[in-house]
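Spelled out, the chains give:
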Amino acid sequence: MTNRKRIKSPLTKRAKRGFRGYPVATIALYGPDDRVATKAAVGIVEEEHGEATVLERWFAETGDIRSDLGAANEMLAFIKEHGARTVVITDRIIGCPHEEGVDYPEGEACPDCPFWAGRDRWTSESLN
């Protein structure tokens, strides 16, 4: 396993503060496998049991989005713009960066990310 050095993100500091009320900014990480995150999606949830009312995505053209301080600062500005009091970040990459029904047909595996075919997105374990 490689030890990738990641920058200390201002988002991590916000997330470590814990629950501070609504709105909540949720940050999910996606990548072609469970090691490199090439996409981050930030959703704003206004109330308990609510759905994200605003969603924005950031992509890394090269490397890992978690090491991109520019993207982290843009995400932080987005979060502040929408008045989020709490920030929550997934502790792992939770799936393919491509969107089902947009980048490939509904119900099929992504042809560009074979790692995720037949895998649980939360544990990365094979379902077969």
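Just above, that's the structure.
Residues numbered from 1 in each chain as written. Predicted model: local features only at pLDDT ≥ 70, side-chain atom pairs only at ≥ 80, totals over all residues. Heavy atoms only, no water.

An account of the overall build of the protein chain is needed here, citing residue identities and associated values.
Of regular secondary structure, the protein chain possesses two helices and four strands. Traced from its N-terminal end to its C-terminal end, the protein chain shows the element sequence α-β-β-β-α-β. Its C-alpha atoms give the protein chain a radius of gyration of 15 Å, near enough to 14 Å, the size a compact globule of 128 residues would have. Dimensions of the protein chain, computed from the C-alpha atoms along their principal axes, are close to 40 × 35 × 25 Å. Burial statistics for the protein chain: of 128 residues in total, 36% are counted as buried. When the accessible surface of the protein chain is totalled, it reaches about 8200 Å², and 48% of it is carbon and sulfur. (Helix = DSSP H or I, 4+ residues; strand = E, 2+ residues; numbered from the N terminus. Rg over C-alpha atoms; globule rule 2.2 N^0.38 Å. Buried < 20%, exposed > 50% of the residue type's maximum accessible area, 1.4 Å probe, protein only. Areas by Shrake-Rupley, 256 points an atom, 1.4 Å probe, with all protein chains shown as cover.)

Could you give an account of the side chain of Thr38, with specific residues and numbers?
With respect to the secondary-structure elements, Thr38 resides in the loop between β1 (24-30) and β2 (39-45). Given a relative accessible area of 19%, Thr38 falls into the buried group. If we ignore the near neighbours within four places in the chain, the residues touching Thr38 are Tyr30, Gly31, Pro32, Trp58, Phe59, Ala60, Gly63, Ile65 and Pro97. (Contact = heavy atoms within 4.5 Å.)

Describe unusual backbone geometry, with residues and values.
For the peptide bond that leads from Tyr22 to Pro23, omega is 0 degrees, which places it in the cis range. By the secondary structure assignment, Pro23 is in the loop between α1 (10-16) and β1. At His49, a position not held by glycine, the phi torsion is positive, near 65 degrees. Its place among the elements puts His49 in the loop between β2 and β3 (52-59).

These values are about where atoms sit, not about what they do.
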